[in-house]
Amino acid sequence: MSNWKRFIALGLSAMMMSAALAGCGSTDSSTAEGGESADAGKTLTLCLSTRDEWLSTLADAAIAEGEALGYEVIVQDCQNDVNKQLQYVETVRNSGADVVIVNLVNYELAQEVIDAAGDMSVVFVNRMPTDPSLMDANHVYVGSDEGEAGYLQSEYLANYFKEKGPTDVSYILLSGDLGMPSTIKRTEYAIQGLKDAGLNAAPATADLVCEWSREVAVDRLAPVLTQGVEFDCIIANNDAMALGAVEALEAAGIDPASIPIVGIDATVDALEAIESGTMAMSAFQNADGQGSNAVRAAVNLIEGKPFNEGGDFDLAADNEFAMYVPFEAVTRDNVADYQ
């Protein structure tokens, strides 16, 4: 190979490696209004734990809010990899940014994220650090109170059974990953809410850990149904597992409309199931509200303002550094409002 060809090849290789390092992972970016990139320094990074339907909606809302405020929002998919998330945060810090928005891969590792951020502020979105003492004026949270979702489930079921008459209620609980704060709070508030309403609520079987997955819920529930376990309702920590319950019941020849199945998130498929009557209710988690307010909080921190200034929702009663976006109960009566 001639010297000039070798020089060009080496140059192209260097350019490709540089691009790969800059774009490591799945990255989406928006541009400022009019199709032009935002001014230098007018960029925000959102580090998502992963990409799913709900978090994609959150990311889209963040991008749209960034455009409205004159910021380009770059979305990094950490693919549920803690090391990738820490690497992205360090990269944002090294770029000279003032703030980063983080959807934690692991609730327990918020301190590691804060350490990686250094002097940079952090807006945690959707997943709140397990240790609330980590929150301060520069490390804030925008999301929802997970316990509220469980309480809305219990409120619906309590009203349902009070109309039907029985006070002894047996339930099957489909849980997310064990140990996750969202799993714990959604479960605790759902069960305690039934008891607080005067129902004698008892598990029909041990909780089925279904890992937030529709497919796993089908696999875990099917054997229970073939054993003839009697139960009055199914409580799922999210809609995917609730829809798995619908599928498992149908496969077992049981009409899912005959048993109240409650979920959380109000996904598109869940809304269709509620409309058809195969699911009873879901607790709507506002992805748009969380994404847009996280960006607004980040911009406020950049500008030296209180993070909640101009926000759409109230600060948490138990934490001045957290903004809670309320859950909303969705039933057949109001499902059209969410479709």
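Counting restarts for each chain, with residues numbered from 1 along the sequence as it is written. With the structure being a predicted model, the display of local features is reserved for residues of pLDDT at least 70 and the display and counting of side-chain atom pairs for 80 or more, all residues being used for whole-chain, interface and lining totals. To get the side-chain values, take all heavy atoms of the structure and skip hydrogens and water.

**Student:** When you look at the packing of aromatic side chains in this model, what are you seeing that I'm missing?
**Tutor:** Both the distance between ring centres and the angle between the ring planes are used here to describe each pair of aromatic rings. When two rings of Phe, Tyr or Trp (its six-membered ring) have centres within 6.5 Å they constitute a pair, described as stacked for plane angles under 30 degrees, edge-to-face for angles over 60, and tilted for the intermediate range. Under the definition given, this model contains three aromatic pairs. Here Y141 and Y324 contribute two aromatic rings whose centre-to-centre distance is 6.4 Å and whose plane-to-plane angle is 80°, an arrangement assigned as edge-to-face. In this pair, Y141 sits in strand β6 (residues 139-143) while Y324 sits in strand β14 (residues 319-324), placing the two residues 183 residues apart along the sequence. Accessibility assignment for this pair places Y141 and Y324 in one class, buried. With a centroid separation of 5.0 Å and an interplanar angle of 90°, the aromatic rings of Y160 and F161 are classed as edge-to-face. Secondary structure follows DSSP: runs of H or I at least 4 residues long count as helices, runs of E at least 2 residues long count as strands, and numbering of each begins at the N terminus. The rule is simple: take the accessible area with a 1.4 Å probe, protein chains only, and divide by the maximum for that residue type; under 20% is buried, over 50% is exposed, in between is partly exposed.

**Student:** Looking at this model, I keep getting lost on the packing of helix α3 (residues 82-94) against helix α4 (residues 110-117). Mind explaining?
**Tutor:** When two helices pack together, their arrangement is given by the angle between the helix axes and by the axis-to-axis distance. Throughout, an axis means a line fitted to C-alpha atoms (over the contacting stretch in the case of helices), and angles, computed between N-to-C directions, take values from 0 to 180 degrees. Between α3 and α4, whose axes approach to 8 Å, the crossing angle comes to 25°. The orientation of α3 with respect to α4, classified from their angle, is roughly parallel. Of the two elements, α3 crosses α4, and the hand of that crossing is right-handed. Contact residues: Q85, L86, V89, E90 and R93 in α3; E112, V113, D115, A116 and A117 in α4. In what follows, roughly perpendicular refers to angles from 65 to 115 degrees, roughly parallel to angles under 35, roughly antiparallel to angles over 145, and oblique to any angle outside these ranges. What makes a crossing left-handed is the near helix being turned counterclockwise from the far one by less than a right angle; a clockwise turn instead makes it right-handed. Throughout, a contact is declared for two residues whenever any of their heavy atoms are within 4.5 Å.

**Student:** I tried to follow the nonpolar core on my own but got confused; where do I start?
**Tutor:** Side chains of a nonpolar character, in soluble globular proteins, are inclined to be buried together. Judged by nonpolar contacts, the single largest core of 33 residues is most densely connected at I172, L174, L221, I234, I261 and M279. Broken down by element, this core gets its largest block of residues, seven residues, from helix α8 (residues 239-251). Discounting residues that sit within four places of it in the chain, L174 has contacts with L208, C210, A217, I234, I235, A236, N237, M241 and A245. Core analysis: the second largest hydrophobic core is formed by 28 residues, V75, I101, A297 and M323 among them. Nine residue types can take part in a nonpolar core, namely buried Ala, Val, Leu, Ile, Met, Phe, Trp, Tyr and Cys, and a core is a set of them joined through side-chain atoms within 4.5 Å.

**Student:** Looking at this structure, how should I read the packing of helix α2 (residues 53-69) against helix α10 (residues 287-302)?
**Tutor:** Two elements in contact, α2 and α10, have axes whose closest approach is 7 Å; the angle formed by their N-to-C orientations is 40°. Between α2 and α10, the angle is such that the two are oblique. Between α2 and α10 lies a crossing of right-handed hand. Note on element contacts: α10 touches α2 through A287, D288, Q290, G291, S292, V295, R296 and V299, opposite W54, T57, L58, A61, A62, E65, G66 and L69. The residue classification treats Ala, Val, Leu, Ile, Met, Phe, Trp, Tyr, Cys and Pro as nonpolar and Asp, Glu, Lys and Arg as charged. All others, Gly included, are polar. Residue classes in the contact of α2 with α10 are distributed as eight nonpolar, five polar and three charged.

**Student:** What is the right way to look at the pattern of salt bridges in this model?
**Tutor:** Charged atoms that come close allow side chains of opposite charge to pair. For this analysis, a salt bridge means a side-chain nitrogen from Lys or Arg found within 4 Å of a carboxyl oxygen belonging to Asp or Glu. In the structure shown here, the tally under the stated rule is eight salt bridges. For R214, the salt bridge is made with E247, and the minimal N-O distance between the two is 3.5 Å. Of the two residues, R214 is situated in helix α7 (residues 214-226) and E247 in helix α8; the sequence distance between them amounts to 33 residues. Here D312 and R296 are joined by a salt bridge, their closest N and O atoms 3.2 Å apart. Placement of the pair is D312 in the loop between α10 and β13 (315-316) and R296 in helix α10, with a sequence separation of 16 residues. A relative accessible area of 48% means that D312 is categorised as partly exposed. Under the relative-accessibility criterion, R296 is labelled buried at 17%. Three or more residues are tied together by salt bridges with common partners; here these are E65, R296 and D312.

**Student:** Looking at this model, I keep getting lost on α3. Mind explaining?
**Tutor:** Think of an α-helix as 3.6 residues a turn; residues three or four steps apart then line up on the same face. Working rule for helices: expected span equals 1.5 Å times residues minus one. With 13 residues, α3 should cover 18 Å at 1.5 Å per step; its first-to-last C-alpha distance of 18 Å lies within 8% of that length. When α3 is considered as a whole, its buried residues turn out to be Q85, L86, Y88, V89 and V92. In a view along the axis of α3, the buried residues occupy a sector of 160°, so they form one face of it. Along α3, the residues that are exposed and aim more than 90 degrees away from the buried face are N83 and N94. Residues of α3 that are buried in the fold lie against β2 (43-48), β3 (72-77), β4 (99-102) and α4. We define a polar contact as two N or O atoms separated by no more than 3.5 Å, with the added condition that, inside protein, one atom must be a possible hydrogen donor and the other a possible acceptor, whereas residues neighbouring each other in sequence contribute only through side-chain atom pairs. Among the residues of α3, the N-terminal cap falls to D81, whose side-chain oxygen and the backbone nitrogen of N83 are separated by 2.9 Å. By construction, the arc corresponds to the directions joining the helix axis to the C-beta atoms.

**Student:** How do you make sense of the environment of K305 when you look at a structure like this?
**Tutor:** Along the polypeptide, K305 turns up in the loop between α10 and β13. Note: C-alpha distance between K305 and A137 (168 residues apart in sequence) is 10.0 Å.

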